[in-house]
Amino acid sequence: MYLETPKKFRALENQAHQVAAQFFRPISRKYDKAEHAYPKELDLLAALLDGMNEGSPNAVGATSASKRGAAREVEEGIKNGGNLSALLGVMELCWGDVGLLLAMPRQGLGNAAIAAVANDEQLGRFGKTWAAMAITEPGCGSDSAAIRTTAVKDGDHYILNGEKIFVTSGERAKAVVVWATLDKGLGRAAIKSFVVEHGTPGMTVTRLEKKLGIKASDTAAISFVDCRVPAANLLGNPEIDVQKGFAGVMETFDNTRPLVAGMAIGVAKAALDRTRELLSRAGCRFDYRKPLLSVSHAEATLYRLEAEWEAARLLTLKAAWMADNKLPNSKEASIAKAKAGRVANEITLKCVELAGAAGYGEDELLEKWARDSKILDIFEGTQQIQLLIIARRLLGKTSSELK
Amino acid sequence: MRTDVQGHALAVLSKVAQADWPDRFKLRHPFEKLLYTGSRSSFRYAAARGGKSKVPRVVSSDSLFDLSLSDEQQMLVEMLDSFASEVLRPAAHDADAQAAVPAELLIQARELGLAFYGVPEAHGGMAGERTLVTNALIAEALGKGDLTLAASLLVPLSAANCIRRWASPEQQAQWLPAFASEQGAEPYALAVNEPAVLADPQRLQTTARKRGGHYLLNGEKSLVLQGLNASRLLVAAQCSDGPALFWVDAASKGISRQAEPAMGLKAGALARVRFKSVKVPAEQRLAGADFDYSAFLACSSLAWCALAVGTSQAALDYVIGYCNERVAFGEPISHRQGVAFMVADLAIEIDAMRLMVWRACARAERGESFLREAYLARVLCAEKAMKVGTDAVQLLGGHGFTKEHPVERWYRDLRAIAIQAGGLHL
């Protein structure tokens, strides 16, 4: 049993940390202030990360998580692969700035989906295209099976109609992976994803959201009006398979949920580290020996938060480790997401409180992290959705029994 | 993490990236291209170097993140799981009511040979170099049966662990073989807890003053697990040169003991033990070369935490069954989110507790620093184990409040995790 960062990923972890400290942090406040301004610095960094990705089989970024199937590892025994390395990288990068990570070209969910389900021809066309992911609609959030955007086959094309919201980098990306239904009457199985390139007639960015946090990352609303998309842009199998269908789409989440948990862990670590520094300057001592009852309230609070943080971190590493070792991890991925999401929100908010006026003011980044963290308990499945998934598994209930 | 060469380079690059001049000179793209190529080769190098292990193709358990148990650990856990469910659980209710571990159970436990895991092979036992994770797994598995019975049965193993870890080789040779003998060692107890409110086990009130070839022990120990039955006590006391452990004959002059019944741990025969100028020969002070009192306390709290993981898991398993069977308003109560979410939360926290305990133990047995990890594991387990206890009763409603179900017992027992210092030792 070994629950530390594996030796082979320590260099990567350090690299990611350096990027976070030296690249993200200096521009963190700048893009929190300049909402909707594109962080042009990211192009340079994205080039660097692409280099990392091609140079190393275990590199940083969301797309590495989906490389697991392609990994040609044949050695016996325990594996530490793309899921774990991607997670370690994401944790460190989000210690720097979660908004900037989310705004990174080619590192988003759309690319993860393409990497996971595209065929070879599509990979050739879209593998290097920056793609955003469009799932949510005004009338459906967590309930992604209730998607109303339609795709109707017309010769060699599909015609898309509908409205998508909360599309991360929806305007900046070169393409959008859009979830649409082939037949509303057939439910989840009829939901397919389509790569729609910007500039396709009928596709319009209608709005950029103004948000509580992660302002460096743009969130677009996109409308589709008789938008003709080549049939070859449908990702995966065009047939409606009532048996599997939606499961295939949902599988992406088993890989990406631990990554979002990792984001939460990174942000929370930033807040913990800074708060410990500020409290130490104010005379707090952290020696991990005195009983919780005999230390100051501030010290005890930080210990508690640190324990919660370690717990969330270990749960997330576990989920990624299971994915690397091809163990079914649906429940564990949700456990990681649920724990990390709520703990990161609690930690960042409490750290603002612990640091008092300094924590609340904009001279420190603590207040920013407390705003950034909230979304991490919401997107990629809210806290409540994760609890539903976990509870159904534990209690052996279907989605119609435990609603 | 310190800023290294790569970091400094990135700091420079960040400034370049923020600047406008690369755009003005149409340099951004070539710049990125350069960087891409440069980073690719340097990261390739880093990946090659990072991936190279000294022993090729052999994946050592210390180089990869790994949550799996060894075959031996797996077998041990399976064996103890069934002992916990077949033997401990059925005996737990009466043991609690009678405030005693059935004699028969003590014999069965000895036959299981648990204490062997605390005795090195040289002295007839089975303890290898790395024992903490295995010990934690033993405690977790037994804890699924019943917390108090498991704790009581773990006292001999704990005493053996304590002697193996913290006594000198001569003391080990003298005291340890008994644990691996046919009839087992005489009953021990580890006395650390003190009765004062806000007592800190790092600052013991019990003192040991050197008087020639003896120490004189004075003070009071509280809630000593199996303290009433012990004929040997391992006592923590403050010396002029720091806290120390003493191997004390419980029949020594000046020792008085009385039952100290508490909220839970009833079958644990908890005792208040008073020391009044108790004369202990100097050679009975545990004299291991690397004696570390903080590590001793950490190994003790980890033992309680590991038990808590097992008992909490038992509570979760129990409420899952109950909530699926209990019908209200025409369907099982588990169909309600208010119930189901509580169950999900318990599962989340229990797995969190388990991983925190495992990690601290895995670090400790590799000789790495683990005080922080053990401390945080204790902080988490103390809080979450009690949450499990109280939520389990809540989920069973009025039925949970009665002794028809084990959850009220676990509720009382799990409160001890935040309180016990000493008593057990991984």
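Residues numbered from 1 in each chain as written. Chains lettered and ligands numbered in written order. Predicted model: local features only at pLDDT ≥ 70, side-chain atom pairs only at ≥ 80, totals over all residues.

1. Quick word on the packing of helix 9 (residues 297-324) of chain A against helix 12 (residues 371-396) of chain B
Phase 1: Put simply, helix 9 of chain A and helix 12 of chain B touch, their axes get as near as 9 Å, and they point 95° apart. What the angle tells us is that helix 9 of chain A and helix 12 of chain B run roughly perpendicular. Each of Y303, R304, E306, A307, E310 and A311 of chain A in helix 9 of chain A lies in contact with helix 12 of chain B, whose residues at this interface are L376, V379 and L380 of chain B.
Phase 2: In terms of residue class, the contact of helix 9 of chain A with helix 12 of chain B is made up of 6 nonpolar, no polar and 3 charged. (Axes fitted to C-alpha atoms, helices over the stretch in contact; angles between N-to-C directions. Helix = DSSP H or I, 4+ residues; strand = E, 2+ residues; numbered from the N terminus. Parallel < 35°, antiparallel > 145°, perpendicular 65-115°, else oblique. Contact = placed C-beta atoms within 7 Å. Nonpolar A, V, L, I, M, F, W, Y, C, P; charged D, E, K, R; others polar.)

2. Here we look at the UniProt feature "domain: Acyl-CoA dehydrogenase/oxidase N-terminal" (unreviewed entry) in chain B
Phase 1: Per the UniProt record, the feature "domain: Acyl-CoA dehydrogenase/oxidase N-terminal" (unreviewed entry) sits at residues 70-182 of chain B.
Phase 2: Its end C-alpha atoms 28 Å apart, residues 70-182 of chain B is made of 67% helix and 0% strand. (UniProt positions renumbered as here; feature names shortened; annotations may be inferred.)

3. Let's talk about the nonpolar core
Phase 1: Core analysis: the biggest nonpolar cluster contains 228 residues, and L302 and V357 of chain B have the highest contact counts within it.
Phase 2: For V357 of chain B, the contacting residues outside a window of four places in its chain are A136, L302, C305, A306, V309, A377 and C381 of chain B.
Phase 3: Membership of the second largest hydrophobic core comes to 42 residues, among which are A132, A190, V195 and V196 of chain A. (Core = buried A, V, L, I, M, F, W, Y, C linked by C-beta atoms within 7 Å. Buried ≥ 20, exposed ≤ 12 C-beta atoms within 10 Å, placed from the backbone.)

4. Quick notes on the UniProt feature "domain: Acyl-CoA oxidase/dehydrogenase middle" (unreviewed entry) in chain A
Phase 1: Mapped onto the present numbering, the UniProt feature "domain: Acyl-CoA oxidase/dehydrogenase middle" (unreviewed entry) falls at residues 132-227 of chain A.
Phase 2: Taken as a whole, residues 132-227 of chain A contains 0% helix and 51% strand, while its terminal C-alpha atoms sit 17 Å from one another.

5. Quick notes on the confidence of the model for chain B
Residues and elements named next belong to chain B.
Phase 1: Confidence in the prediction for chain B averages 89 pLDDT; 86% of positions are at 70 or higher.
Phase 2: This model gives residues 37-60 a pLDDT under 50, and the stretch forms 29 contacts once residues within four places in sequence are excluded.
Phase 3: In the model output, the complex is listed with pTM 0.90 alongside ipTM 0.91. (pLDDT = per-residue confidence, 0-100.)

6. Observations regarding the domain arrangement of chain A
In many reports, interface size means the accessible area that the parts give up when they come together.
All names here are of chain A.
Phase 1: One can read the domain layout of chain A as domain 1 (7-117), domain 2 (129-235) and domain 3 (246-395).
Phase 2: Relative placement of domain 2 and domain 3: their C-alpha centres are 30 Å apart.
Phase 3: Taken together, the contact between domain 2 and domain 3 spans 9 residues of the former and 10 residues of the latter.
Phase 4: Taken together, the residues that form the side of domain 2 that touches domain 3 break down as 5 nonpolar, 3 polar and 1 charged. (Domains from an automatic or database assignment.)

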